Amino acid sequence: MRTFARFALTQLNAALFGIAMLTLIVGTFAFYPSDAALPRYDFLFVCAVLIQIAMLVSGLETWPEARVILAFHIAGTAMELFKTSVGSWAYPESNFVRLAGVPLFSGFMYAAVGSYIARSWRLHDFRFENYPSFAITWILGLLAYVNFFAHHYIWNMRWALTAATLVIFARTWLDFAPSPQCLRRWRLPLLAPFLFLAGLIYVAENIATFGRAWVYPNQAQGWQMVSPAKFGSWFLLMLVSWALVSAVRRSTLREK
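Residues numbered from 1 in each chain as written. Predicted model: local features only at pLDDT ≥ 70, side-chain atom pairs only at ≥ 80, totals over all residues. Heavy atoms only, no water.

1. A short note on the sheet that holds strand S3 (residues 127-129)
Test applied: We call two strands paired when DSSP finds no fewer than two bridges between them. The numbering of helices and of strands both runs from the N terminus, where a helix is a DSSP run of H or I of at least 4 residues and a strand a run of E of at least 2. Only the stretch in contact is used when a helix axis is fitted, and all axes are lines through C-alpha atoms; the angle between N-to-C directions ranges over 0 to 180 degrees.
Within the open sheet, the three strands sit side by side as S3-S4-S5. Their pairing is antiparallel. Each edge of the open sheet carries a strand with a single partner, namely S3 and strand S5 (186-189). Each strand of the sheet is rotated relative to its neighbour by a mean of 25°, with strand direction disregarded. In this structure, S3 lies alongside strand S4 (residues 173-176), joined through three bridges in antiparallel fashion. Paired with Arg-127 across the strands is Asp-175, a residue of S4.

2. What to know about a nonpolar patch on the surface
This is how the line gets drawn: Each patch is built from residues that are more than 30% exposed by relative accessible area and take part in no salt bridge. Like charges join if they lie within 9 Å; nonpolar side chains (Val, Leu, Ile, Met, Phe, Trp, Tyr) join within 5 Å. Note on areas: these come from Shrake-Rupley sampling with a 1.4 Å probe, and a residue is covered only by the protein chains present in the view. Criterion for a salt bridge: a side-chain nitrogen of Lys or Arg within 4 Å of a carboxyl oxygen of Asp or Glu. When a residue's accessible area, from a 1.4 Å probe over protein chains only, is under 20% of the maximum for its type it is buried; when over 50% it is exposed; and in between it is partly exposed.
Residues Leu-38, Val-46, Leu-50, Ile-53 and Val-57 make up a contiguous nonpolar surface patch of about 450 Å² in total accessible area. When you line up the elements, Leu-50 lands in helix H3 (residues 40-58). Classification of Leu-50 as exposed rests on a relative accessible area of 54%.

3. Thoughts on the pattern of salt bridges
Should their charged atoms come close, side chains of opposite charge can pair. Tallying each qualifying case throughout the model produces six salt bridges. The partner of Arg-40 in a salt bridge is Glu-93, with the nearest N and O atoms 2.7 Å apart. Linking Arg-40 in helix H3 with Glu-93 in the loop between helix H4 (63-85) and strand S1 (98-99), this pair joins segments that are 53 residues apart in sequence. A relative accessible area of 25% places Glu-93 in the partly exposed class. Between Arg-122 and Glu-65 there is a salt bridge whose closest N-O contact spans 2.6 Å. Here Arg-122 is found in helix H5 (residues 106-123), whereas its partner Glu-65 is found in helix H4, with 57 residues between them in sequence. Three or more residues joined by partner-sharing salt bridges are found here, namely Asp-125, Arg-127, Asp-175 and Arg-185.

4. Notes on helix H1 (residues 2-14)
Going by this rule: A helix is expected to span 1.5 Å multiplied by its residue count minus one. The directions from the helix axis to the C-beta atoms are what the arc is built from.
When the terminal C-alpha atoms of H1 are compared, their 18 Å separation across 13 residues agrees well with the 18 Å that a helix rising 1.5 Å per residue should span. Among the residues making up H1, those that are buried are Phe-7, Thr-10, Gln-11 and Ala-14. Across the axial projection of H1, the buried residues extend over an arc of 100°, all falling on one side. Seen from the buried face of H1, the exposed residues on the opposite side, beyond 90 degrees, are Arg-2 and Leu-9.

5. Topic: the packing of H4 against helix H6 (residues 134-150)
Defined as follows: Every angle not falling under 35 degrees, over 145, or within 65 to 115 is termed oblique; those three ranges are roughly parallel, roughly antiparallel and roughly perpendicular. By convention, the crossing between two helices is left-handed when the near helix turns anticlockwise from the far helix through less than a right angle, and right-handed when the turn is clockwise. It only takes one pair of heavy atoms within 4.5 Å for two residues to be counted as in contact.
Taken N-terminus to C-terminus, the directions of H4 and H6 make an angle of 20°; their axes are 10 Å apart at the nearest point. Classed by the angle they form, the pair H4 and H6 counts as roughly parallel. Here H4 runs over H6; the crossing is left-handed. For the pair H4 and H6, contact is made by Ala-75, Ala-78, Met-79, Phe-82 and Lys-83 and by Tyr-145, Phe-148 and Phe-149, respectively.

6. Some remarks on H3
Counted at 1.5 Å a residue, the expected span for H3 with its 19 residues is 27 Å, and the 27 Å between its end C-alpha atoms agrees. For H3, every residue scored as buried is listed here: Arg-40, Tyr-41, Asp-42, Leu-44, Cys-47, Ala-48, Gln-52, Met-55 and Leu-56. Contact partners of the buried residues in H3: helix H2 (16-31), H4, S1, strand S2 (102-103) and H5. Where H3 ends, the next residue or the one after it, Gly-59, has phi of about 85°, a positive value.

7. Regarding the pairing of S4
As paired elements, S4 and S5 share four bridges and run antiparallel to each other. Bridged to Leu-174 within S5 is Leu-188.

8. Some details on the packing of aromatic side chains
Pairs of aromatic rings are described using the distance from one ring centre to the other and the angle between the two planes. Counted only if it meets this: In this scheme Phe, Tyr and Trp rings, the latter by its six-membered ring, pair at centre separations within 6.5 Å, and the angle between planes marks the pair as stacked below 30 degrees, edge-to-face above 60, and tilted otherwise. In our convention, an over-ring charge means Lys NZ or Arg CZ found within 6 Å of a ring centre and within 35 degrees of that ring's normal.
Inspection of the entire model under this criterion finds 28 aromatic pairs. Residues Phe-7 and Trp-186 carry aromatic rings whose centres are separated by 5.2 Å and whose planes lie at 50° to one another, so their mutual orientation is tilted. Of this pair, Phe-7 sits in helix H1 while Trp-186 sits in strand S5, placing them 179 residues apart in sequence. Residue Trp-186 is classed as partly exposed on the basis of its relative accessible area, which comes to 25%. For the pair Phe-17 and Phe-108, a centre-to-centre distance of 6.2 Å together with 40° between the ring planes defines the contact as tilted. A residue pair is termed long-range when its members are at least 10 positions apart, and Phe-17 in helix H2 and Phe-108 in helix H5 qualify at 91 residues. In terms of burial, Phe-17 and Phe-108 fall into one category: buried. Members of the aromatic cluster, joined through ring pairs, are Phe-4, Phe-7, Trp-121, Phe-126, Phe-128, Tyr-131, Phe-169, Phe-176, Trp-186, Phe-194 and Trp-242. Over the face of the ring belonging to Trp-173 we find Arg-187, whose NZ or CZ atom lies 4.0 Å from the ring centre.

Structure (C-alpha cells):
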C-alpha cells in the first residue's frame, strides 16, 4: 500500500504542469471577471509561462526536457493554426496574445502532455525490453503528426497507425521504479501506459472544453462530452509526444 501511495504521488508530481493548467482553466472559467483588463486567455498564457519558469528554476524540469517540450509547443501551435482554419474547433473568447486567431496559451496544453511523459520517464527511471527501435518510434510519431493535417484531404490513417503501434510494440515491456525512493521495480507491457495516456488526454480534453478553453462545433451552444471517437486522435497525439520525448531519453531505449 505504501509503494502504491508513493507511485500515485510520483504520478501527480509528473503531471504537475497539466494539473496546474487544467485547474487554471476551470478556475478562471468559474471566477475570472468578464470585464478584467487582461483577457482570460492572456491571463492563462502569463500563468503558463510563469509555471514553466518556476519548474525550471526549481529543478522540477530539466533543460533538455524543456527543449523538447518547446518543440512540442511549436508543433502543437502549428496544428492549432491549421485545425482552427478548417473549423475543427474554435476559441470563443477574444484576447491580445494570439496568432491568426489562436491564443498562444493553447500550445501549453500540448506542452503539458510532453512534460508529463518526460518527467514520468525520469522520475520512474524507465527501462525497456524488446523495444523495436528509435527510428520506428520517430516514423510512427511523424506519420501520426502528418495525419492530423492530411486526413482532411486523403484517407484517415488513424486506425491503421493505431493498429501498427499495437502490433509493433506488442512484445515491448516497460520496467520502472514506482517512485524515486523505491528499490523494487515494477514491470508491465508498454502498450498499457500508451493506452492509459491516450485516455488521460481524453479526460483532460473534456475538462478543458468544459472550461471553454476551446470548443468543438457541437459545443458552441453549451458543453457536451467529447465524442469517444476522439480517443483515436489522442492516441496519435500520444505517439507524437512519445517520439519527441524519446529524443531526450534515447539512451534508455533497448534497440534490437
